[in-house]
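Commentary on secondary and tertiary structure
The lines below spell out each chain.
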Number of protein chains: 2
Amino acid sequence: MRNIKLVLEYDGTNFAGSQLQANGRTVQGELERAIAELTGLSSGAHCRVQLAGRTDSGVHAEGQVANFKTDSNHSTEIFRRGLNALLPVDLVVTIAEEVSKDFHARFSATEREYRYEILNRRSRSPLSRHYVHWVKTPLDVNNMAEAGKVLVGRHDFASFAGAGMGVPDTESEGKPGTVRELRRLEWRSGKGSLIEFWVAANAFLPHMVRNIVGTLLEVGAGKINLREFEEIFAACDRRRAGPTAPPSGLYLVSVKY
Amino acid sequence: MRNIKLVLEYDGTNFAGSQLQANGRTVQGELERAIAELTGLSSGAHCRVQLAGRTDSGVHAEGQVANFKTDSNHSTEIFRRGLNALLPVDLVVTIAEEVSKDFHARFSATEREYRYEILNRRSRSPLSRHYVHWVKTPLDVNNMAEAGKVLVGRHDFASFAGAGMGVPDTESEGKPGTVRELRRLEWRSGKGSLIEFWVAANAFLPHMVRNIVGTLLEVGAGKINLREFEEIFAACDRRRAGPTAPPSGLYLVSVKY
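Residues numbered from 1 in each chain as written. Chains lettered and ligands numbered in written order. Predicted model: local features only at pLDDT ≥ 70, side-chain atom pairs only at ≥ 80, totals over all residues. Heavy atoms only, no water.

Looking now at the overall build of chain A. When you go through chain A residue by residue, the secondary structure sums to five helices and ten strands. The C-alpha radius of gyration computed for chain A amounts to 19 Å, which stays within 12% of the reference 18 Å derived for 257 residues, consistent with globular compactness. Principal-axis analysis of the C-alpha atoms places the extent of chain A at approximately 60 × 45 × 30 Å. Looking at chain A as a whole, 54% of its 257 residues qualify as buried. In chain A, 71% of the contacts between residues at least 6 apart in sequence involve partners at least 24 apart. Put simply, chain A has 33 plus and 30 minus side-chain charges, and the middle of one group is 3 Å from the middle of the other. (Helix = DSSP H or I, 4+ residues; strand = E, 2+ residues; numbered from the N terminus. Rg over C-alpha atoms; globule rule 2.2 N^0.38 Å. Buried < 20%, exposed > 50% of the residue type's maximum accessible area, 1.4 Å probe, protein only. Contact = heavy atoms within 4.5 Å. Lys, Arg positive; Asp, Glu negative; His and termini not counted. Charge placed at Lys NZ, Arg CZ, Asp CG, Glu CD.)

The operation relating the two chain copies consists of a rotation about an axis and a shift along that axis. Least-squares fitting of chain B to chain A yields an RMSD of 0.0 Å, with the transformation described by 0.0 Å of translation along the axis and a rotation of 180°. When the rotation and shift are considered jointly, the pair of chain copies conforms to a two-fold rotation axis. Mapped onto chain A, 100% of the interface residues of chain B again fall at the interface, so both copies present the same surface. (Least-squares fit on C-alpha atoms with pLDDT ≥ 70 in both.)

For the structure shown, the criterion picks out 17 aromatic pairs over all chains. With a centroid separation of 6.1 Å and an interplanar angle of 70°, the aromatic rings of A:Tyr10 and A:Phe15 are classed as edge-to-face. When its relative accessible area of 1% is taken as the criterion, A:Tyr10 is described as buried. The structure contains a cluster of three or more aromatic residues connected by ring pairs, namely A:Phe157, A:Phe160, A:Phe229 and A:Phe233. For the cation-ring pair, A:Arg115 lies above A:Tyr251, with the distance from its terminal atom to the ring centre recorded as 4.6 Å. Note that B:Arg188 overlies the ring of B:Trp198, its terminal NZ or CZ placed 4.1 Å from the centroid. (Phe/Tyr/Trp six-rings, centres within 6.5 Å; stacked < 30°, edge-to-face > 60°. Lys NZ or Arg CZ within 6 Å of the ring centre and 35° of its normal.)

With that settled, consider the environment of A:Gln19. Residues and elements named next belong to chain A. Mapping Gln 19 onto the fold places it in the loop between β1 (2-10) and α1 (27-38). When the C-alpha atoms of Gln 19 and Asp 56 are compared, they prove to be 8.4 Å apart, with 37 residues separating the residues in sequence. Leaving out residues up to four positions away in the same chain, Gln 19 has contacts with Thr 26, Gln 28, Leu 51, Gly 53 and Arg 54.

This next bit is on the confidence of the model for chain A. Within chain A, residue pLDDT values average 93, and 94% of them lie at 70 or more. Under a pLDDT of 50 for its full length, residues 166-175 of chain A has, in the predicted model, 18 contacts with residues more than four places off or in other chains. (pLDDT = per-residue confidence, 0-100.)

Attention now moves to the packing of helix α3 (residues 141-148) of chain A against helix α4 (residues 208-220) of chain A. Residue and element names in this part refer to chain A. Running from N to C, α3 and α4 cross one another at 130°; their axes reach a closest spacing of 8 Å. Here α4 runs oblique to α3, going by the angle between their axes. The interaxial crossing formed by α3 with α4 has right-handed handedness. Where α3 approaches α4, its residues Asn 143, Met 144, Ala 147 and Gly 148 are matched on the opposing element by Leu 216, Leu 217, Val 219 and Gly 220. Tallied by class, residues from the contact of α3 with α4 come to five nonpolar, three polar and no charged. (Axes fitted to C-alpha atoms, helices over the stretch in contact; angles between N-to-C directions. Parallel < 35°, antiparallel > 145°, perpendicular 65-115°, else oblique. Left-handed = near helix turned anticlockwise from the far one by under 90°. Nonpolar A, V, L, I, M, F, W, Y, C, P; charged D, E, K, R; others polar.)

A few words on the interface of chain B and chain A. In this assembly, 32 residues from chain B lie in contact with 32 residues from chain A. Interface area for chain B against chain A, summed over the two sides, is near 2,400 Å², with a carbon-plus-sulfur share of 44%. Among the residues chain B hides against chain A, the three largest losses belong to B:Arg124, B:Leu127 and B:Arg129. Together they make up 28% of the total. Connecting chain B to chain A are nine salt bridges. Between A:Glu9 and B:Arg121 there is a salt bridge, and its shortest N-O distance comes to 2.8 Å. (Buried area = accessible area lost by both parts, 1.4 Å probe. Salt bridge = Lys/Arg side-chain N within 4 Å of Asp/Glu carboxyl O.)

The next subject is the UniProt feature "binding site: substrate" (unreviewed entry) in chain A. All names here are of chain A. Cross-referencing UniProt, the feature "binding site: substrate" (unreviewed entry) maps to Tyr 114 in the present numbering. With respect to the helices, strands and loops of the structure, Tyr 114 is situated in strand β5 (residues 111-120). For Tyr 114, the residues in contact, after removing those within four places along its chain, are Gly 53, Arg 54, Thr 55, Phe 197, Trp 198, Val 199, Phe 204, Val 209, Leu 250, Tyr 251, Leu 252 and Val 253. (UniProt positions renumbered as here; feature names shortened; annotations may be inferred.)

Residues and elements named next belong to chain A. As far as domains go, chain A holds domain 1 (2-99) and domain 2 (111-256). Distance from the C-alpha centre of domain 1 to the C-alpha centre of domain 2: 27 Å. Counting from both sides, the interface comprises 16 residues of domain 1 and, opposite them, 15 residues of domain 2. Regarding the contact of domain 1 and domain 2, the summed buried area is about 1,200 Å², with carbon and sulfur atoms giving 52% of it. In terms of surface lost to domain 2, no three residues of domain 1 exceed Val 59, His 60 and Glu 62, which account for 39% of the buried area on that side. Linking domain 1 with domain 2 are two salt bridges. Residue Arg 115 is joined to Glu 62 by a salt bridge in which the shortest nitrogen-to-oxygen separation is 2.8 Å. Across the side of domain 1 that touches domain 2, the residue classes break down as four nonpolar, eight polar and four charged. (Domains from an automatic or database assignment.)

This brings us to the side chain of B:Arg115. Counting through the fold element by element, B:Arg115 comes out in strand β5 (residues 111-120). Here B:Glu62 takes part through its side chain, which lies 2.7 Å from a polar atom of the side chain of B:Arg115. Not counting residues up to four positions away in its chain, the partners in contact with B:Arg115 are A:Lys191, B:Glu62, B:Glu196, B:Phe197, B:Trp198, B:Gly249, B:Leu250, B:Tyr251 and B:Val253. (Polar contact = N/O pair within 3.5 Å; in protein donor to acceptor, adjacent residues only side chain to side chain.)

Pasting the structure below:
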């Protein structure tokens, strides 16, 4: 059996999320259907795909990673072009390559990077309505950046851990938990009124980026101050933190191995 | 009567274009409907809107300009917020202001700026499928930039003039024609594999930007050389030039008065 790694870009707007569901159009579902068709699997048979990061409905990806095992002799270039001909317009394979048998898109990953895009202006934006989170209230980005600094490092992120913890990412010690190592956190000014929040960690808890952004937005809007943000983080209690920011602004940028 | 100027952003994907049509959803149609509703015009009455630039179906705008006459006493802030509550998700008023009675969005304009976005990479892009023109062939941007230089200045652009010349923009001399003053032309590297073509002129002929881009793309792909491009331009014959580039990459950026 060969092991094929794929890098994926998708527009999450019309997906029910990345992971296979009984009902609902998913990235994994579309990918497994296309692979089965390309490799000539008989009807009903399927090829299991592993994904590096689990993204919710509406969340986008520029560099999601997947892998699957196959007996097919197709070259990786045929896999890329063949799958792209079979995949829908909102999902594409940008890179296909053969990897060692023990490569696992999720468990071999050592770092994930996400970007959250906030459009901070008076009027909503037709052109980016599915691709940013529009915030009308003027934001103090310096305060948000200052608050965000306390998150960098190895910490318990329970205050920003969403529901659906049934299958959490495994810790390096091999047991599930809410401790993660947040390696980089950066705010960048984008085009026009765009504010970009870049964050990288060994792994993320469900909704972790969106919960952090939702709470930092309360700092930016002046609803909570730096000391209150630190207390929320230290409390390790999801009920203390701010709302989950909407999915439209979130992008899985890249995964490292 | 007051004269109100609006700056508009829209996603052209689901519009049949900017100008009113008997059948088909248009920017002007949606705007006139919303203004009639906000200003309480009786059913059947309508408020005529003038637009600075005519954009085709699929062409976007970040800074289209419109104006209309009204007896309404609404403040300009009420116009902006009220219209935005009534307009569909793909059209928004970013600025509303009162202007002098003789201001005409189209005929008072002294300069229009457009941007054409080209994504030059191997795989199609789900995230920007409605917002760029995807070109798979590697492009030589230096050659395209060199060829583009000959267009700058006051010239006859007949080689790049599309059909639908029935109502051309009036020349400064007051008579229709195919002479335009192209004031700036610039290629910029965008995010990732994005190439941006920025162009400003006193006015543009129908399809002029898309026909120029379509022909410059042939230079970039090595199908025609610099001398051939100059001959095409000098011929003043649309049949000599390249194809019309698709609308999805084109943005009306701003209009000057």
